[in-house]
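Listed here are the chains, written in short residue letters.
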Amino acid sequence: MALSGMRGLSVFISDIRNCQNKEQERLRVDKELGNIRTRFKNEKGLTPYEKKKYVWKMLYIHMLGYDVDFGHMETVSLISAPKYPEKQVGYIVTACLLNENHDFLRIAINTVRNDIIGRNETFQCLALTMVGNIGGREFAESLAPDVQKLLISSSCRPLVRKKAALCLLRLYRKNPDVVNVDGWADRMAQLLDERDLGVLTSSMSLLVALVSNNHEAYWSCLPKCVKTLERLARNQDIPQEYTYYGIPSPWLQVKTMRALQYFPTIEDPNTRRSLFEVLQRILMGTDVVKNVNKNNASHAVLFEALSLVMHLDAEKEMMSQCVALLGKFIAVREPNIRYLGLENMTRMLMVTDVQDIIKRHQAQIITSLKDPDISIRRRALDLCYGMCDVSNAKDIVEELLQYLSTSDFAMREELSLKAAILAEKFAPDLSWYVDVILQLIDKAGDFVSDDIWFRVVQFVTNNEDLQPYAAAKAREYLDKPAIHETMVKVSAYLLGEYSHFLARRPGCSPKEIFSIIHEKLPTVSMSTVPILLSTYAKILMHTQPPEPDLQNQIWAIFHKYESCIDVEIQQRAVEYFALSAKGAALADILAEMPKFPERQSALIKKAEDIETDTAEQSAIKLRAQQQMSNALVVTDQRPANGSPAVGQLSLVKLPSMSSNPDNYSADEGVTQENGILSTVDPQPPSADLLSDLLGPLAIEGPPGAVQSEQNVPGADGVPSAADAAAIVPIEEQKNTVQPIGNIAERFHALCLKDSGVLYEDPNIQIGIKAEWRAHQGRLVLFLGNKNTSPLVSVQALILPPSHLKMELSLVPETIPPRAQVQCPLEVVNLHPSRDVAVLDFSYKFGSHAVNIKLRLPAVLNKFLQPLTLTTNEFFPQWRSLSGPPLKLQEVVRGVKPLPLMEMANLLSSLRVMVSSGLDPNPNNLVASTTFYSESTRAMLCLVRIETDPADRTQLRMTVASGDPTLTFELMEYIKEQLVDIPTGSAPPPMAPAVASPMAPVAPLNDPGAILAGLL
Amino acid sequence: MIHFVLLISRQGKVRLTKWYSPYSQKERTKVIREISGLMLHRGPKLCNFLEWGGLKVVYKRYASLYFCMCIDPDDNELETLEVIHHFVEILDRYFGSVCELDLIFNFHKAYYILDELVIAGEIQESSKKTVAQLISAQDSLVEAAKEEASSISNIIAQATK
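What counts and what doesn't
Residues numbered from 1 in each chain as written. Chains lettered and ligands numbered in written order. Predicted model: local features only at pLDDT ≥ 70, side-chain atom pairs only at ≥ 80, totals over all residues. Heavy atoms only, no water. UniProt positions renumbered as here; feature names shortened; annotations may be inferred. Pairing = 2+ DSSP bridges. Helix = DSSP H or I, 4+ residues; strand = E, 2+ residues; numbered from the N terminus. Axes fitted to C-alpha atoms, helices over the stretch in contact; angles between N-to-C directions. Polar contact = N/O pair within 3.5 Å; in protein donor to acceptor, adjacent residues only side chain to side chain. Contact = heavy atoms within 4.5 Å. Buried < 20%, exposed > 50% of the residue type's maximum accessible area, 1.4 Å probe, protein only. Salt bridge = Lys/Arg side-chain N within 4 Å of Asp/Glu carboxyl O. Buried area = accessible area lost by both parts, 1.4 Å probe. Nonpolar A, V, L, I, M, F, W, Y, C, P; charged D, E, K, R; others polar. Phe/Tyr/Trp six-rings, centres within 6.5 Å; stacked < 30°, edge-to-face > 60°. Lys NZ or Arg CZ within 6 Å of the ring centre and 35° of its normal.

- Under an unreviewed UniProt entry, chain A has the name AP-2 complex subunit alpha and belongs to Corymbia citriodora subsp. variegata.
- As recorded by UniProt, the Sequence similarities (unreviewed entry) comment attached to chain A reads in full: "Belongs to the adaptor complexes large subunit family."
- Looking at chain A in UniProt, the text filed under Subunit (unreviewed entry) is "Adaptor protein complex 2 (AP-2) is a heterotetramer composed of two large adaptins (alpha-type and beta-type subunits), a medium adaptin (mu-type subunit) and a small adaptin (sigma-type subunit)."

1. A closer look at the sheet that holds strand 3 (residues 49–52) of chain B
All names here are of chain B.
- As summarised here, the arrangement of the five strands in space is 2-1-5-4-3, forming an open sheet in which the pairing is antiparallel. Edge strands, defined here as strands with exactly one partner in the open sheet, are strand 2 (14–19) and strand 3. The mean angle between the axes of side-by-side strands here comes to 20°, regardless of whether they run parallel or antiparallel.
- In this sheet, strand 5 (residues 65–71) lies alongside strand 4 (residues 55–62) in antiparallel orientation, the contact comprising seven bridges. By the bridge assignment, Val58 is partnered in strand 5 with Met69.

2. Here's the deal with the side chain of B:Arg15
- Looking at the element boundaries, B:Arg15 is found in strand 2.
- Looking at B:Arg15, its side chain comes within polar contact range of the side chain of B:Glu100, at 2.9 Å.
- With residues up to four places along the chain from it excluded, the contact list for B:Arg15 reads A:Arg17, A:Tyr60, A:Met63, B:Leu7, B:Ser9, B:Leu65, B:Glu100, B:Ile104 and B:Phe107.

3. A few points about the pairing of strand 5 of chain B
All names here are of chain B.
- Burial analysis of strand 5 places seven of its seven residues in the buried class, the great majority of the element.
- Both faces of strand 5 are covered, namely the face carrying Leu65, Phe67, Met69 and Ile71 and the face carrying Tyr66, Cys68 and Cys70.
- For strand 1 (residues 2–9) and strand 5, the ladder comprises seven bridges, and the chain directions are antiparallel. From the neighbouring strand, Val5 faces strand 5, where its bridge partner is Met69.
- Counted along the chain from strand 4 to the antiparallel partner strand 5, the turn is two residues long, and its residue Ala63 has a positive phi close to 50°.

4. Structural notes on the sheet that holds strand 10 (residues 848–855) of chain A
Residue and element names in this part refer to chain A.
- Spatially, the three strands line up as an open sheet ordered 6-9-10, and their pairing is antiparallel. Looking at which strands have only one partner, the edges of the open sheet turn out to be strand 6 (792–799) and strand 10. The sheet shows a mean angle of 10° between the axes of neighbouring strands, taken without regard to direction.
- Sheet topology note: the strand 6/strand 9 (residues 838–845) ladder contains six bridges and is antiparallel. Bridge pairing in strand 9 places Ile798 opposite Leu839.

5. Comments concerning the pattern of salt bridges
- Applying the stated criterion across every chain, the model contains 68 salt bridges over all chains.
- Salt-bridge contacts for A:Glu100 lead to A:Arg170; the nearest nitrogen and oxygen are separated by 2.7 Å. Note that A:Glu100 is positioned in the loop between helix 5 (84–97) and helix 6 (104–117) and A:Arg170 in helix 9 (residues 158–174), a separation of 70 residues in sequence.
- Relative accessible area serves as the criterion here: at 4%, A:Arg170 is assigned to the buried category.
- In this structure, A:Asp237 engages A:Arg195 in a salt bridge whose closest nitrogen and oxygen atoms are separated by 3.5 Å. Residue A:Asp237 is located in the loop between helix 12 (221–234) and strand 1 (243–244), and its partner A:Arg195 is located in the loop between helix 10 (181–191) and helix 11 (197–213); the two are separated by 42 residues in the primary sequence.
- Residue A:Asp237 is classed as partly exposed on the basis of its relative accessible area of 34%.
- A network of salt bridges, in which partner residues are shared, links A:Arg378, A:Arg379, A:Asp382, A:Glu414, A:Lys418 and B:Glu51.

6. Notes on the interface of chain A and chain B
- Listed as interface residues are 84 residues of chain A and, on the opposing side, 71 residues of chain B.
- Contact between chain A and chain B buries roughly 6900 Å² in total, counting both sides, with carbon and sulfur atoms accounting for 54%.
- Summed over the shared surface of chain A and chain B, the result is ten salt bridges.
- Across the pair A:Lys162 and B:Glu125 runs a salt bridge, and its minimum N-O distance is 2.7 Å.
- Inspection of the chain A/chain B interface yields 38 residue pairs in polar contact (both at pLDDT 80 or more).
- Classifying every residue of the side of chain A that touches chain B gives 39 nonpolar, 25 polar and 20 charged.

7. Examining the packing of aromatic side chains
- Enumeration over the complete set of coordinates arrives at 29 aromatic pairs over all chains.
- Relative to B:Tyr66, the ring of B:Tyr59 has its centre 6.2 Å away and its plane inclined at 35°; by these criteria the two rings are tilted. Assigned by exposure class, B:Tyr59 and B:Tyr66 land together as buried.
- Among the aromatic residues, ring-to-ring pairing joins A:Phe12, A:Trp56, A:Tyr60, B:Phe107, B:Tyr111 and B:Tyr112 into one connected group.
- Sitting over the face of the ring of A:Phe70, A:Arg37 holds its NZ or CZ atom 4.3 Å from the ring centroid.
- A cation over an aromatic ring shows up here: A:Lys418 above the ring of A:Tyr385, its NZ or CZ 5.1 Å from the ring centre.

In structure tokens, the structure reads:
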């Protein structure tokens, strides 16, 4: 053993080992890093030996998990050392310490190239190894031709050529264009004739990558692969040193069969026959032996052969042979084989006519759900999920439900999601579906996401036959002593809608229903209370003739919550209380929910999104498409009158404290008209999750935004906040990729700060960093690929509004795996406007093309500079700007009720500076700012807000500036911020008729106008 | 392909890391933490595969040391398991009955050997004999350079520079 002793390194490692705790270790590491740093500073005095030693120490420290943020230059510079020992250390440590995106690698490209084209074989090996391990795009572009030359050179020894093959593979992965298909296919075929097994193994890996992208160009390699496989598996014609536990290079066999799986078929009958002969031999000739390694190696080959057989669509006989083998595997004791048996059986589901044979193993598969190994349980769950169809859904789902009570927490969420999906897809009847979901909630309420119970509600709403049954079931669960909050929600909802069907049953009188639900109220969280309030209102509505007793009880509750701190609850309490006094009108307003439009299940979408594109999952998708479940057929009926859902939803949105009854009945009229005429709303039913959630809850939602929409007069043609927000969800429905987080919320957050995440989904994250100076801005978009494969066809278009000049630098078409690309965007503000720029962004990941439209936070307030004024400065200005159009005044209602302090904070986050003490009235705010644009230059803006302490939802605002457009735009902008509730639950776009016409502000009877303190 | 190779002791100490896919320093630390958390808590007699973050971790414990390689979900798991064993056998031959201490103090040797075995996350050489020859050739190159450096003429040359 020839260890190159490095005393200093050994001493350091011993020291670290002797550290008693993490703190000591850190101290020792810090001391060493300090030492290395000082030594590197005076590089001249370092001997090559010392340099080597320090570089190794750095790697050791890096391996321990500490940040080593210096010395990279010294490490990389060792690569250009003339002597082997230094060069070797330079190459190896660079390859470990840095990754392909590191800047320092660039400076090494020339040296590396010289080593590759030089005559020194050992240097060639070092360079090829490093490039093969961490070479990036730039390496690919500058080195690929040289590496190709080495691979096919007849004068190079195998040790160089095998490294060249894998190095080229790396470069090809980074940039497929570096391998020119025309010239290379023949060379590749020649390479497969190679006798040296090391070179052949490496070349086969290269071939796998090449054919996976483009099998057509490499047809000539197909017969050679079959020959290689014959040579190994049948003739065992191979040097002794390349057998592994008596098996001819299992790795080469596996790779060869992998390459063959990328050719769609094998047309030549002779080749096909030879291949099947070999495969048959592998399938039949693999026995279980005692030696673990031999067993593993032979089964590695066997499982690859199985995949190949499946791919080639062999005759039925061979297929059933495969299933039989797998059936044997899933019952053996050896856990690895059991795992792989289950995994491959799931893949096998793709082959259509073997499903019945697989079903024979159902009992064994279900047993595997209880395996002690979570990896195996996961595979079993996947297989159960995949093999489920109408015939066995009942058994499988019931097994899953049973397993749910005992399964580990790590799996419960997945388990309940899968059970819910199967129940929905393959339900033999709908009452069974309701049973399953209620059981799910009962057993694993914490893991049942909201989408699942929303879905039940949708089904029940859309199927009248189901409604009494569901209500009865919900009633039963309420008798249980401790039920999950989700159960409270779903039963309260169902009973609110449908309990009147049960009225004659014992224990189901409105009073009894009410009291059993009301018992749960003290145990639930704030988010459930609104649902309960709605239920009470519905119960009240259904109780005909009214029972004064019950009425008083419920009114008392509404009354109690009228002063609730939660706005949502408070508003409902107030509204329901007022509505319930309306008598007969109540029945109209609180009528049963209309049917939901048919849409893809959010659950299934979610499951599809979670799944990556592996073979087994595409099998599931395939089958999902093939099989139509009963449940879907039953619910596929469109609502009889075909009335558009959006119109009806706006009906239930109405219970707002509208002081103008005409307004509301007019709206109802519109809805009915829609129903009769069956006009199809131009907006297609949205399929996105958001509106799924909104659907069932819309019954209770009088979001402030809707109200303010009606009350705040706005100029025609100016997009309202709600409309703008709608851009995003509408676009979403085309995409199968769900965004992470709420896009609207992210946008609103970015309006107030200058850096953060604009958008995120499972594949990409788009971050923003912005700097603003006067009327100019510089944004940088950070496009980060989260995957280990590249995102392609990346496109970014800016759709600027007329007042912004925007220039986006070039966006690369491909984002490499795990890489981040920065795209600067220059913005110039030409004149004041509230319009928002939109980023039209699209990319492709696998087969998914994703397109999103995102609002860019280059909004009005970004061009403001806060400015504090004294009394002497403020008032002369304020007086000089007298009256419209330079000074505008308006009463704003439906404002988010905010304490004065918070309103001042909100203004200053918009860069409008509040000058305290300027206004003698403590309920008023006076603020000032400077606005910058090309047309206005720097322009002073003054704002005054008068609030009413008795009613925080309204205020009077006065805005003044030297430019009429600016005054108007700034006023509208601040208004949007005050009334806008930046949540994702943007209300569905209102029908145009709903938007109230330009109502002039009522000047006198308005409390706002009575406010004193006009200056 | 193999995305990374980790050698982690039973106590969770990292003995070797090699990354074939670009992970930043921060991501590396996170990956190591997550995988050790999962792997070290698995009992004996379970299978050698772990599903983690959309990828698969193939691992095997040798005495106090866990060898683990992370691959794509549709790669051949058993093949990878035997790459691990192949690596261990080569280490064993090189150090002569290898133990954790050998790898701690000669971690750089382990890197040399791994580089002869795997490049770009794919196996490059499946003959133990060939790998052993290449490593000893490297060792003698280093030795030769050392001797040259310590020869008298060289010392004189250094001193009079």
